[in-house]
Amino acid sequence: MRFPLSMTLGMAVYIARNRLRPRREWQLDRAESTNGDNPFHILPATASNNGKRKPHPLLHKRFPLVLMLEPLHACNLTCTGCGRIREYEDTITERLSVEQCLHAVEECGAPIVSICGGEPLLHPDMGRICAGILERGRHIYLCTNGMFIERKLSEYRPDPKFFFNVHLDGLEETHDRAVEKEGVFREAVAGIKAAKAAGFKVTTNTTVYKETDMAEIAELFEYLKQFGVDGHMLSPAYGYSAVNDREIFMTREDVYEKFRVIHELARRYPVNTTPVYQDFLKGERELPCTAWGNPTYNVRGWKAPCYLITDAHYETFEELMTKTPWENYGPGNDVRCEHCMVHCGYEPSAALGINAKPTDGFRLLSWALR
Ligand code: SF4
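Residues numbered from 1 in each chain as written. Predicted model: local features only at pLDDT ≥ 70, side-chain atom pairs only at ≥ 80, totals over all residues.

Asks: Just to check I follow, could you spell out the overall build of the chain for this structure?
Replies: From N to C terminus, the chain includes 15 helices and 9 strands. For the chain, the spread of C-alpha atoms along the three principal axes comes to 60 × 45 × 40 Å. In the chain, which comprises 370 residues, the proportion classed as buried is 43%. Residue pairs in contact within the chain that sit at least 24 positions apart in sequence constitute 77% of those at least 6 positions apart. (Helix = DSSP H or I, 4+ residues; strand = E, 2+ residues; numbered from the N terminus. Buried ≥ 20, exposed ≤ 12 C-beta atoms within 10 Å, placed from the backbone. Contact = placed C-beta atoms within 7 Å.)

See below:
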């Protein structure tokens, strides 16, 4: 099975419950009162609908699916495509306490917590944070560059709800170039081997850039097979404001071309992106942005509207959900979103069944059970 049964079933029940009884306060639109605040907002064209867009009804069943928890932004690397070490330079030495992390997990209520950063394994209390999240019944993806796994492994216990998610953007030469340091690939692989040998679940996380060779990604997955890696996440890079001076990011057309092979890759290897999101990456399906599905919490608070764009930070999760003008974001609504296809903005749409086809349920089930 692609995911632990507890995760698949738990998520299905959680989605059904929230679709049936969405929290009313989170569904109110804020666009009309905030349009003037955002210089990037695209005004609706005149139109057949009196200038108002008609959102998909499921866009008014907002609730969080995956919490993106950033306990710190400090990192031992300076990866080419990373915005965090640039955007959060002023607070790079700060970190969330164990209590703040656990409070965020409870406030948000999402069944999956993706711990990112920065490099989470640099946080001295990361073992305690993970233990606390697991005690609360949540699943964890601990996103790491893998360089500290071997040294820190004794602070963790294998658990079906816990995954080390190791960043690998290609084979050795490519990956070391992307992270701007030699030897990182080897250390990450050593970390993967050590974690697997100790009984942990391990996935990998690959960002696809304009220059990525998809044949090399297939070689990478083939190479990782020998270690029994449990799954691979793939997402296109996106040139948001903190790193948009670089020429490594793709337009939608570039993404469609690059991900032409995604279904083939997913047939041969345990790719963790849902089939509907795979269709979207190939240009075979339209999905709207549902950034509220993957909220981000960090040392400055709840980041709005999404993992990529920062227009505000809120103190509480309730404020994030009720004060963010969600309907002002996404392609066609905000110029910064035009070419965005990242998983944190669109996987929730796929999981919720927005723009679903009759065969989606069967495809999703057979993919999850494979
Ligand atoms: S499309 Fe959504 S996820 Fe992407 S940058 Fe815009 S708000 Fe963020």
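Asks: Looking at this model, I keep getting lost on the site of the ligand. Mind explaining?
Replies: Close to the ligand lie 14 residues; Cys 289, Cys 306, Cys 337, Cys 340 and Gly 345 are nearest. Residues of the shell around the ligand, tallied by class, amount to 11 nonpolar, 2 polar and 1 charged. (Near = placed C-beta within 6 Å. Nonpolar A, V, L, I, M, F, W, Y, C, P; charged D, E, K, R; others polar.)

Asks: I'm lost on the nonpolar core in this one. Help?
Replies: It is characteristic of soluble globular proteins that their nonpolar side chains tend to be buried jointly. Counting 90 residues, the largest nonpolar core has Leu 67, Val 113 and Ile 140 as the members making the most contacts within it. Ranked by residue count, the leading element in this core is helix α8 (residues 184-197), at 5 residues. Those residues within four positions of Leu 67 in sequence are excluded, and the remaining contacts are Ala 104, Val 105, Cys 108, Ala 110, Val 113, Ser 114, Pro 295 and Tyr 297. (Core = buried A, V, L, I, M, F, W, Y, C linked by C-beta atoms within 7 Å.)

Asks: Would you mind going over the environment of Cys 108 with me for this structure?
Replies: By the secondary structure assignment, Cys 108 is in helix α4 (residues 98-108). The spacing of Cys 108 and Pro 160 is 52 residues in sequence and 22 Å in space, taken between C-alpha atoms. With residues near it in sequence (within four places) discarded, Cys 108 still touches Pro 64, Leu 67, Pro 295 and Phe 317.

Asks: Quick question: what am I supposed to make of unusual backbone geometry here?
Replies: A negative phi angle is the norm for most residues apart from glycine, just as the trans form is the norm for most peptide bonds. Following Gly 117, the chain continues to Gly 118 via a peptide bond in cis, the omega torsion being 15°. Position of Gly 118 relative to the elements: it lies in the loop between β2 (112-115) and α5 (126-135). Here the bond from Ala 304 into Pro 305 is cis, since omega is 5°, no more than 30 degrees from zero. Checked against the element boundaries, Pro 305 lands in strand β8 (residues 301-305). The phi torsion at Asn 355 lies on the positive side, around 55°, for a residue other than glycine. In this structure, Asn 355 sits in the loop between α14 (343-352) and α15 (360-369).

Asks: What's the story with the packing of helix α12 (residues 275-282) against α14 in this structure? I'm lost.
Replies: Geometry of a packed helix pair, given as the angle between the helix axes and the separation of the axes. α14 packs onto α12 with a crossing angle of 125° between their chain directions and a minimal axis gap of 8 Å. Our classification of the angle between α12 and α14 gives oblique. Like other packed secondary-structure pairs, α12 and α14 cross with a definite hand, here right-handed. Residues Val 276, Tyr 277 and Phe 280 of α12 pack against His 343, Tyr 346, Glu 347 and Ala 350 of α14. (Axes fitted to C-alpha atoms, helices over the stretch in contact; angles between N-to-C directions. Parallel < 35°, antiparallel > 145°, perpendicular 65-115°, else oblique. Left-handed = near helix turned anticlockwise from the far one by under 90°.)

Asks: Mind showing me how you'd approach the sheet that holds strand β7 (residues 296-298) here?
Replies: By way of backbone hydrogen bonds, the strands of a sheet pair with one another, either parallel or antiparallel. If you walk across this open sheet you meet the 9 strands as β6-β5-β4-β3-β2-β1-β7-β8-β9, and the pairing is mixed. With partners counted over all chains shown, the strands left at the sheet margins are β6 (231-236) and β9 (310-314), one partner each. On average, each strand axis in the sheet is tilted by 25° relative to the strand beside it, whichever way the strands run. In this sheet, strand β4 (residues 162-167) lies alongside strand β3 (residues 139-144) in parallel orientation, the contact comprising 5 bridges. When the bridges of β4 are listed, Thr 144 appears paired with Val 166. (Pairing = 2+ DSSP bridges.)

Asks: What is the right way to read the pairing of β9 from this model?
Replies: Within a regular strand, the side chains alternate between the two sheet faces. In this structure, β8 lies alongside β9, joined through 4 bridges in antiparallel fashion. Paired with Lys 303 across the two strands is His 313, which belongs to β9. Between β8 and β9, which pair antiparallel one after the other, the connecting turn spans 4 residues.

Asks: Would you explain the environment of Arg 300 in this entry?
Replies: With respect to the secondary-structure elements, Arg 300 resides in the loop between β7 and β8. With 18 C-beta atoms packed within 10 Å, Arg 300 lands in the partly exposed category. Distance in space between the C-alpha atoms of Arg 300 and Pro 288 is 27 Å, their sequence separation being 12 residues. If sequence neighbours within four positions are ignored, Arg 300 has contacts with Thr 91 and His 313.

Asks: Help me understand α12, please; the structure alone is not making it clear to me.
Replies: An α-helix turns once per 3.6 residues; consequently, residues spaced three or four apart project the same way. Most of α12 sits inside the fold, with 7 of its 8 residues counted as buried. All of the buried residues in α12 are Pro 275, Val 276, Tyr 277, Gln 278, Asp 279, Phe 280 and Leu 281. Along its buried surface, α12 packs onto β6, α10 (252-258), α11 (262-268), α14 and α15. Just beyond α12, the residue with positive phi is Gly 283, at close to 80°.

Asks: Help me understand the pairing of β3 in this model?
Replies: Burial runs high along β3: 6 of the 6 residues are buried. In β3, alternate side chains face the same way, and those of His 139, Tyr 141 and Cys 143 on one face and Ile 140, Leu 142 and Thr 144 on the other are all buried. With 4 bridges connecting them, β2 and β3 associate as parallel partners. Counted as the bridge partner of Ile 112 is His 139 from β3.

Asks: Looking at this structure, I do not really get the packing of α4 against α5. What am I missing?
Replies: The interhelical angle for the contact between α4 and α5, taken along N-to-C directions, is 25°, at an axis separation of 9 Å. Classed by the angle they form, the pair α4 and α5 counts as roughly parallel. Two packed elements cross with a definite hand, and for α4 against α5 that hand is right-handed. Contacts from Val 98, Cys 101, Leu 102 and Val 105 in α4 reach Arg 128, Ile 129, Gly 132 and Ile 133 in α5. Looking at the contact of α4 with α5, its residues break down into 6 nonpolar, 1 polar and 1 charged.

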